[in-house]
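Summary of the model geometry
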Amino acid sequence: MSHRERFGRLRGVVVMSALALAAPLVFTATAAQARPVTAAPARTAAEPNAVIIWDVHAQTAIYEVARQSPTATARSFAIVQGAVYDAVNAIAGTPYEPYLVAPRSRPGDSTPAAVATAAYRVLVWLFPAQAGWLRARYDESLAAIPDGRAKSGGIAVGEATAAAMIDARRDDGAFSDATWRVGTAPGQWRPTPPGYLQVGAWFATLEPFVIRSSGDYRVPGPPALKSAAYARDQNEVQAVGSATSTVRTPDQTEAAIWWDDPRLVEWSIIRQLATTRRLSTLQTSRLFAMVDVSAADSLIACYKEKKHWSFWRPVTATPLAGADGNPATHADPSWTPLRTTAPSTEYPSGHACFTSAVTTSLRTFFGRDDLTFSAYSADSGTTRRYDSLSAATAELLEARIWAGVHYRTASVDGERLGRTVTRDVLDRAFGRRGH
């Protein structure tokens, strides 16, 4: 039984306990089809969106300060936005199925106070060393809200949803001492340069947020080393993904770097769409929760498969191609990729799983593929623009090859896995009540 399923049985007790907590303290479902966003009263240009404000604060804490890995950031964002969504949804009258809880609220309770409290509490729990900076941001948020019943009511709701989330994720397996399986035979993964690190395997056994079991999702596996399919994959990445490639175009080089920026461009794309589409606070909280929870569960299933297949990376395979048993591949002992290879196994691609989850969630929420958006990457120093979610996803799959960090099969199968998991998440969570 998952934390989320167990939590349903304890919902009333946890909520009442959380409502009794004083504000200064620091905390050490029915499945429904997710539907496209429908028209709602637009926010005025001058009205700040508390969900976006605290998502930016979350990025600062999660990445800019803590420098968490892309997998760890997925867990952290899901925790923050799940708590924020439950708080906003409760104050709105719970029009959507709660993720964990729907604490009692009163008409007029302050949504900005609830958002700030929910985000602040879980962020302090995640990053206690940043308590001072986070408290300053929290005080700024509360100072902008008039004192009174509405403010205190919003704070109580945020306290309740944060307490529920913290309780649900307290023992979820994060940052365990799990390791990747290391082999020496052709095709088997081994640590990669330059750091030869052995990190990140804990995500394969992390407890999912919504799906019942990450083991329910399987991918076909990488091509056999002696197959023509493997030779095509190997020769392609060897030619186009090399740091000194003469066949990769300047635009492909830019795209490879842009998509590989650890300050993930997907974060700003989601915020941009919420802003340009003028989403309400409720819509924004639901969108962010759908995206972040789906991305986390997709990566959990993805890493489960990574650990199962334990396939070697191009940076390992290319210098050793003479020993892979395939006469159509050719070793290059001096070969290096354009971008640094992540310290995880090759198959399937985690970035493909993640980006597929993001674009599938956005497509489900907005009910369309033809969305226009852009984002800036500090790594590439450029802004790239897209006119559809499918175009962005397609380029990401290519970019992992252009970067020299993944084979095509790993990217294609990762995209399919992320799409499948996300559809299951959104079938089970965040749908309208009564549908």
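Structural notes, computed from the coordinates. Predicted model only: the values in this text are computed from it and were never measured.

**Regarding the packing of helix H2 (residues 50-65) against helix H5 (residues 131-143)**
Viewed as axis vectors pointing N to C, H2 and H5 meet at an angle of 170°, and their least axial separation amounts to 11 Å. In terms of their interaxial angle, H2 and H5 are classed as roughly antiparallel. Together, Trp54, His57, Thr60 and Ala61 of H2 and Trp133, Leu134, Arg137, Tyr138 and Ser141 of H5 make up the contact between the two elements. The class makeup of the residues in the contact of H2 with H5 is five nonpolar, three polar and one charged.

**Here's the deal with the pattern of salt bridges**
If you walk through the whole model with that rule in mind, you get 24 salt bridges. As a salt-bridge pair, Glu64 and Arg263 come within 2.8 Å of each other at their nearest N and O atoms. Of this pair, Glu64 sits in helix H2 while Arg263 sits in the loop between helix H8 (250-260) and helix H9 (265-276), and the two are 199 residues apart along the sequence. For Glu64, a relative accessible area of 29% corresponds to the partly exposed category.

**Here's the deal with the pairing of strand E2 (residues 382-386)**
Every second residue of E2 is oriented toward a common face, the buried set being Thr382, Arg384 and Tyr386 and the non-buried set Thr383 and Arg385. Examined bridge by bridge, strand E1 (residues 373-377) and E2 share five bridges and lie antiparallel to one another. Paired with Ser374 across the bridge in E2 is Arg385. The antiparallel hairpin formed by E1 and E2 contains four residues in its connecting segment, where Gly381 sits at a positive phi of about 70°.

**Some details on the packing of aromatic side chains**
On inspection of all chains with the given rule, the structure shows 19 aromatic pairs. An aromatic cluster is defined as three or more aromatic residues linked by ring pairs; in this entry it consists of Phe175, Trp180, Trp189, Trp202, Phe203 and Tyr303. The aromatic ring of Tyr303 is capped on one face by Lys306, whose charged end is 5.5 Å from the ring centroid.

**Focus on helix H12 (residues 350-366)**
With 17 residues, H12 should cover 24 Å at 1.5 Å per step; its first-to-last C-alpha distance of 24 Å lies within 8% of that length. Of all the 17 residues making up H12, 15 are buried; the element is thus mostly covered by neighbouring parts of the structure. Two residues or fewer after H12 comes Gly367, characterised by a positive phi angle close to 70°.

How each quantity is defined
Residues numbered from 1 in each chain as written. Predicted model: local features only at pLDDT ≥ 70, side-chain atom pairs only at ≥ 80, totals over all residues. Heavy atoms only, no water. Axes fitted to C-alpha atoms, helices over the stretch in contact; angles between N-to-C directions. Helix = DSSP H or I, 4+ residues; strand = E, 2+ residues; numbered from the N terminus. Parallel < 35°, antiparallel > 145°, perpendicular 65-115°, else oblique. Contact = heavy atoms within 4.5 Å. Nonpolar A, V, L, I, M, F, W, Y, C, P; charged D, E, K, R; others polar. Salt bridge = Lys/Arg side-chain N within 4 Å of Asp/Glu carboxyl O. Buried < 20%, exposed > 50% of the residue type's maximum accessible area, 1.4 Å probe, protein only. Pairing = 2+ DSSP bridges. Phe/Tyr/Trp six-rings, centres within 6.5 Å; stacked < 30°, edge-to-face > 60°. Lys NZ or Arg CZ within 6 Å of the ring centre and 35° of its normal. Expected span 1.5 Å × (residues − 1).

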